[in-house]
Amino acid sequence: MAILVILTSSKYHLNQSYLGITIIFSFLFFIAFKGDLGISEENHIPKNKFLFLSFSIIFFLIFILSVCLLRGDSLPYHRSPTYFILVAAAGAIISGQIICFDDKKYINLILFEIFLLALNVRCSAYYLFPGVIGTDSWYHIGFIQELINNGYIPNDLTYASYLKIPFMHVEVAILDIITSLGLKNSFFMISVYTVFSTIFIYIICLIIFDFKIGLLSALILNLSDQYITWGLSITPMSLGLFFYILFIYFIFNYSRVIDTKKSTWIILILLIIFAVILTHTIATFVSLVLFLSFLGIYKLLYFSKRWFNIQFFKIYINTNIVLLFITAVIFYWMYIFGDSSHHFFDSVIFVLKKALISSEVGNVEIITQVSKLDILSVVLNKVGYSILVFLAFIGCFILVSLSKSDTKGLYLVFFCSILFAFIYIPSLVGSNALLPHRWFPFLYSMLSILSAITIRFFTSFKKDHHYQFAGRFLFMTSLIFLLIFFMITNSLTNSDSSIYPRDNLYDFSYSRSSFYESEMVIGNFVKNNAQNYPVVPDMRFVSVMKHWYGLNNVSYISLSNQESYDNGLILLRKSIFNGYIADQSTDYDFTYVKFSDESIKYFGSNNYMLVYNNGEVLGQLANHCVSNY
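Residues numbered from 1 in each chain as written. Predicted model: local features only at pLDDT ≥ 70, side-chain atom pairs only at ≥ 80, totals over all residues. Heavy atoms only, no water.

*Asks:* Hey, could you go over the packing of helix H5 (residues 107-126) against helix H10 (residues 225-232) for me, with residue numbers and the actual values?
*Replies:* Any two packed helices are characterised by how steeply their axes cross, that is the angle between the axes, and by the distance between the axes. The contact between H5 and H10 brings their axes to 10 Å, and the two run at 45°. Relative to H10, H5 is oriented oblique. Two packed elements cross with a definite hand, and for H5 against H10 that hand is right-handed. Contact residues: Val 121, Arg 122, Ala 125 and Tyr 126 in H5; Tyr 227, Ile 228 and Leu 232 in H10. (Axes fitted to C-alpha atoms, helices over the stretch in contact; angles between N-to-C directions. Helix = DSSP H or I, 4+ residues; strand = E, 2+ residues; numbered from the N terminus. Parallel < 35°, antiparallel > 145°, perpendicular 65-115°, else oblique. Left-handed = near helix turned anticlockwise from the far one by under 90°. Contact = heavy atoms within 4.5 Å.)

Take a look at the structure:
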């Protein structure tokens, strides 16, 4: 498989060879240490309360120092490199506590440290800018504001995509009305939910492995780039991720189900199923894949135990619930996307056709575009992910090697393989209909558990006399430090990162996705002085005007179409003059073009009158509108 990835990447220039190389190294690592891997009950660190508390004191001192750095930084919209080093060091200290100490009475304290560090990273990024982070987040917060203003779901075509799946928007609106937290803070509570949902990852690992693997999984997941990203660039999928983790918890918590009333659990599962259907289509589809995968794996292992004499691990997977889930999804999606003029079968085909219409099947380059990215940016962005995949694949090899005596790990391995297939195969054939880049946070929940298994086994060798505990401890905590550092400093988790280029030419995920206060204040000027004119910002700034300030007559500058900026109030951000402008867009692809000297001269010519300039944004009014100004 690794060789196939390398060959495919080389053929299509996808810059994905690192993934194949990582898998090869993980396999070689497993082969090298296979004979010594295993969980040992003996620990080389004595049960010393003072030593454990010393670790905690160091953690809290580092945590306080990182917060002070945020408060004391004189540069706006900036987090110093020292801050990221401190956060990574704090994460490594937590991992050291987990690895070294066996006393379960410290579990609550370690979980508290994990949640505190995770919230620190998210809050420091989310509250760095006055608005919200991301592209779609502006759209969703605009919809929520409409709900609050109207008191009901508005029949507004602007928000047509979510009028029939408004669960997250309604939840945030209700929270904001009841608590008066403010819309930005209420919106951020979705991120807080995702942080605390990792307690269920801990419980899952506690059920099928042990508490150390659970704690390590919660630590890795909370500080992973994709999980942080969807806690900053908040969309309904962020809430859907919370429901997805709950589904995994219900599936593995078989003993609790049979010890209590099954009807209670079934009702809870059904309620969450309907909630996720009303929240987000991708989260719903991934959850459906989760149920179908575990049902298939369960049946396969159940019948295999007769021939292979393996120890069978039971999970709670109900065929009737899966069938009900499938039926509910089909009928509700037909209701949302279908055409009433079609029959049942035709409606299903219509929905599938509509889902695939945005796909450029066969055109790998137009979907991935990664061959055009700077190799240094790719490497810096993928170091953290490479370490995670390296550890996770070793975890897969460990669980497969133990499968004859214990099948519980095979559920994770098989499901992780299925998610990998859904993410990478469509991209390799040039299809973006399933939006594979949005499946990563769901995959990360599995990768974090598998990585934690590797760490647990690697620091618990059977033959302790061959390896000194101090060496193993330092190696693994150093690796965790690097994992966390590169995860929290890449372009996914940093809209303020100075490492990566601003407004990248080929991939909008590398560009700044938040706006300065000095950029956003022009909205007040427009509302007070120029509401009667068409407002024409660059495409990335349209969402602020439409969804933050509620302006309706908004379009965007397209340099290839002069008519797009010959009328109304043209808003030109300083960052455009220094780089690129988002010129055109399909569903999820931005095309950036260089803002040329000719364009700068044209907007500075006599065709416009300068009506606003605060150093960050220029307001240029087209000449034929001046008479009415």
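Continuing now.
*Asks:* Go over the packing of H5 against helix H8 (residues 183-208), please, and point to the residues and values.
*Replies:* It is the contact of H5 with H8, at a shortest axis distance of 11 Å, that shows an interaxial angle of 150°. Judged on the interaxial angle alone, H8 and H5 are roughly antiparallel. Crossing handedness for the pair H5 and H8: right-handed. Packed against H5, whose contacting residues are Ile 107, Leu 111, Phe 115, Ala 118, Leu 119, Arg 122, Cys 123 and Tyr 126, the element H8 presents Lys 184, Phe 187, Phe 188, Ser 191, Val 192, Val 195, Phe 196, Thr 198, Ile 199 and Tyr 202 at the interface. For the contact of H5 with H8, a count of residues per class yields 14 nonpolar, two polar and two charged. (Nonpolar A, V, L, I, M, F, W, Y, C, P; charged D, E, K, R; others polar.)

*Asks:* Describe the nonpolar core, with residues and values.
*Replies:* Side chains of a nonpolar character, in soluble globular proteins, are inclined to be buried together. In terms of nonpolar packing, the biggest core is built from 196 residues, with Tyr 244, Phe 252, Tyr 385 and Met 545 touching the most fellow members. Counting residues per element, this core draws most heavily on helix H11 (residues 236-252), which supplies 14 residues. Once residues within four sequence positions are removed from consideration, Phe 252 is found in contact with Ile 204, Ile 207, Ile 208, Phe 294, Phe 313, Ile 315, Tyr 411 and Leu 412. (Core = buried A, V, L, I, M, F, W, Y, C linked by side-chain atoms within 4.5 Å. Buried < 20%, exposed > 50% of the residue type's maximum accessible area, 1.4 Å probe, protein only.)

*Asks:* Can you explain the pairing of strand E2 (residues 569-573)? Please cite residues and give values.
*Replies:* With respect to burial, E2 is a largely interior element, five of its five residues being buried. The two faces of E2 match: Leu 569, Leu 571 and Arg 573 on one face and Ile 570 and Leu 572 on the other face are all buried. The pairing of strand E1 (residues 535-536) with E2 spans two bridges and is parallel. Within E2, the position partnered with Val 536 by the bridge is Ile 570. Chirality of the crossover, the property in question, places the unit of E1, helix H24 (residues 539-548) and E2 among those that are left-handed. Inspection of the sheet shows E2 paired to strand E6 (residues 617-622) by five bridges, in the antiparallel sense. Pairing of Leu 569 across the sheet is with Leu 621, part of E6. (Pairing = 2+ DSSP bridges. Right-handed = clockwise from strand over helix to strand, strands pointing away.)

*Asks:* Give a detailed account of the side chain of Ser 445, specifying residues and quantitative values.
*Replies:* Secondary-structure assignment places Ser 445 in helix H20 (residues 440-458). Overall, the relative accessible area of 1% leaves Ser 445 in the buried class. From its side chain, Ser 445 meets the backbone oxygen of Phe 442 in a polar contact 2.7 Å long. Those residues within four positions of Ser 445 in sequence are excluded, and the remaining contacts are Ile 201, Leu 221, Tyr 244 and Ile 248. (Polar contact = N/O pair within 3.5 Å; in protein donor to acceptor, adjacent residues only side chain to side chain.)

*Asks:* Explain the side chain of Ser 238 residue by residue, including any values.
*Replies:* Examined against the element boundaries, Ser 238 turns out to sit in helix H11. We classify Ser 238 as buried; its relative accessible area is 1%.

*Asks:* Describe helix H9 (residues 211-222), and please don't skip the residues or the numbers.
*Replies:* Over its twelve residues, H9 extends 17 Å from the first C-alpha to the last, a length consistent with the 16 Å expected when each residue adds 1.5 Å. Those residues of H9 lying buried are Phe 211, Lys 212, Ile 213, Gly 214, Leu 215, Leu 216, Ser 217, Ala 218, Leu 219, Ile 220, Leu 221 and Asn 222. Capping the start of H9 is the job of one residue whose side-chain oxygen sits 3.2 Å from the backbone nitrogen of Lys 212: Asp 210. (Expected span 1.5 Å × (residues − 1).)

*Asks:* Give a description of the packing of aromatic side chains that names residues and reports values.
*Replies:* Here the structure, examined in full by the defined rule, presents 47 aromatic pairs. Both rings, one in Tyr 127 and one in Phe 188, keep their centres 5.5 Å apart while their planes meet at 65°; by these two values the pair is edge-to-face. Here the residue Tyr 127 occupies a position in the loop between H5 and helix H6 (136-150), and Phe 188 occupies one in helix H8, the gap between them amounting to 61 residues. Phe 188 sits in the buried class, given a relative accessible area of 4%. A centroid spacing of 5.9 Å and a plane angle of 75° characterise the contact between Phe 285 and Trp 439, whose relative ring orientation is edge-to-face. (Phe/Tyr/Trp six-rings, centres within 6.5 Å; stacked < 30°, edge-to-face > 60°.)

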